[in-house]
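Given next are the chains, with one letter for each unit.
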Amino acid sequence: MRRMLIAVAAASALLLGVPVPASAEPPEPVASVLPPGWSFDKGALTWTSERIIPPGDAAVEFWAGDRLLGRARGAADLKTFVLSGGATGKLSDLQVRIGGRRVDAAAPKAPKRAAAAPATAAEQPAHTFDPGVPGPYTTTTGEYTLPGIKLSTYPQPVEMQAVVVGPVNAPGRRPLALFLHGRHWTCWVPGEEGFILGQWPCPSGAEPVPSHRGYLQAQQLLASQGYLTVSISANGINGQDGADTDGGAQARSSLVRTHLARWADWAGSGRAGAPAVVRALPRADLSQVLLMGHSRGGEGVNRAAIDSLAPPPPTTTGARCAGRSAGRCWSGPPSSATTRNRTCRR
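The structure presented is a predicted model; accordingly, all values stated were derived computationally and were not measured.

Reported here for the largest pocket is a volume of approximately 1,000 Å³. If you go around the largest pocket, you meet 46 residues; those closest to its centre are Gly56, Ala58, Val60, Arg183 and Arg296. Those elements that place two or more of their residues in the lining of the largest pocket are strand E3 (60–64), strand E5 (73–74), strand E6 (80–84) and helix H6 (296–309). For the lining of the largest pocket, the class distribution of residues is 16 nonpolar, 16 polar and 14 charged.

The subject of this paragraph is the sheet that holds strand E8 (residues 101–102). Read across the open sheet, the 4 strands follow the order E4-E3-E7-E8; overall the sheet is antiparallel. Unpaired on one side and paired on the other, strand E4 (67–71) and E8 mark the two borders of the sheet. As paired strands, E3 and strand E7 (residues 94–98) are joined by 5 bridges and run antiparallel to one another. From the neighbouring strand, Ala64 faces E7, where its bridge partner is Leu94.

The next subject is the sheet that holds strand E2 (residues 44–48). Spatially, the 4 strands line up as an open sheet ordered E1-E2-E6-E5, and their pairing is antiparallel. In this open sheet, the two edge strands, each paired with only one partner strand, are strand E1 (38–41) and E5. Pairing between E1 and E2: 4 bridges, direction antiparallel. Among the inter-strand pairings, Ser39 is bridged to a residue of E2, identified as Thr46.

Let's shift gears to H6. Here H6 is 14 residues long and its end C-alpha atoms lie 21 Å apart, about the 20 Å a rise of 1.5 Å per residue gives. Turning to H6, its buried residues number three or more, namely Arg296, Gly297, Gly298, Gly300, Val301, Ala304, Ala305, Asp307 and Ser308.

This brings us to the nonpolar core. Of all hydrophobic cores here, the largest spans 34 residues; its most connected members are Tyr144, Val230, Leu255, Val256 and Trp263. For this core, the secondary structure elements donating two or more residues are strand E9 (139–149), strand E10 (158–167), strand E11 (174–180), strand E15 (228–232), helix H4 (249–266), helix H5 (276–279), strand E16 (284–294) and H6. In terms of residue count, the dominant contributor to this core is H4 (6 residues). Residues within four places of Trp263 in sequence aside, it is in contact with Tyr144, Val164, Leu176, Leu228, Val230, Val278, Ala284 and Leu286. If you look at the next biggest cluster of nonpolar residues, it comprises 19 residues, including Phe40, Ile53, Phe62 and Leu91.

The omega torsion of the bond from Trp200 to Pro201 falls at -5°, within 30 degrees of zero and hence cis. Along the polypeptide, Pro201 turns up in the loop between strand E13 (196–197) and strand E14 (207–208). A positive phi angle, near 65°, is found at Asn169, a position not held by glycine. Topologically, Asn169 is positioned in the loop between E10 and E11. Judged by relative accessible area, Asn169 falls into the exposed class, the value being 71%. Backbone geometry places Ser295, a non-glycine residue, at a positive phi of 55°. Tracing the sequence through the fold places Ser295 in the loop between E16 and H6.

This part takes up the side chain of Arg252. Relative to the helices and strands, Arg252 is located in helix H4. Here Arg252 falls in the buried class, since its relative accessible area comes to 0%. Among the polar contacts listed, one links the side chain of Arg252 to the backbone oxygen of Gly247, at a separation of 2.8 Å.

Reading the values: the criteria
Residues numbered from 1 in each chain as written. Predicted model: local features only at pLDDT ≥ 70, side-chain atom pairs only at ≥ 80, totals over all residues. Heavy atoms only, no water. 1 Å grid on protein atoms, 1.4 Å probe; cavity = no way out; pocket = protein on both sides within 12 Å on 5 of 7 lines; lining within 4 Å. Points joined across faces, edges and corners; volume = space filled by probe spheres on them. Helix = DSSP H or I, 4+ residues; strand = E, 2+ residues; numbered from the N terminus. Nonpolar A, V, L, I, M, F, W, Y, C, P; charged D, E, K, R; others polar. Pairing = 2+ DSSP bridges. Expected span 1.5 Å × (residues − 1). Buried < 20%, exposed > 50% of the residue type's maximum accessible area, 1.4 Å probe, protein only. Core = buried A, V, L, I, M, F, W, Y, C linked by side-chain atoms within 4.5 Å. Contact = heavy atoms within 4.5 Å. Polar contact = N/O pair within 3.5 Å; in protein donor to acceptor, adjacent residues only side chain to side chain.

What follows is the structure, encoded as structure tokens:
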């Protein structure tokens, strides 16, 4: 009888709308108890920084204490970061970390450390050749801009733009050095100091950041020593690689090898269609190629060296490289590519 009364009472409670304990999805966090700058809406956890967070090599991670919630995706304003779904459980002690370092407003000040005295090494004899001394060749500089190309799953084409510095009147074919910059902001607004964006293409009134011109000093030195040099732009990847699980490495590889495919054409039967600055210089020797990249650019040139030996299928890259007459990405012999990866985490 008692069991029957309990069952009737439970049924009555359901009919009358009185809440009855039951298993359900965990409730969403209450916005009023989240720290300043944080919000939670429709399953998405958002953090808005008080300052611009420049794009870098390391991912922006959301943490709840010592529990990793996931990698957040940044907005074009470089201040807003969103983690869509997966932010479950108790959201206390929220933190934002980049490369293991906290960057949110609640980040504690790093303790000052006393610098240790550097160890003194024995002085070595000077080398007879100083690679920092300019060579005998006069150099010339120019740029080329070609139609953009489709890479990965990006909705917008990636630019085919580069600055070229090479030796004038150097004999024979010359080795080629290619530079690829890192993941920086993509656009800026002239006259508005500090107004930078991370989107692509640049909106009206904004201009692309010329990161590809950042190696001019090194290019001029190498060109004076007889190297052809080209530094390529990758703003179109920097502004669209947020969802790439490999950080855009495959897209950068495809971009590098597409430029090299063009240089292979320009060194051969496609010479007449080469940009003016390329025609004014000696032909490139594609059996001697140096690839140098900074940060994400370093990852990209490393991948390009690997892909030149064993090209990935289009089904895994989502893109085909756009060599003109070759119709494919550049690939070379095993000794043709030397990579230099310089990574700097901020």
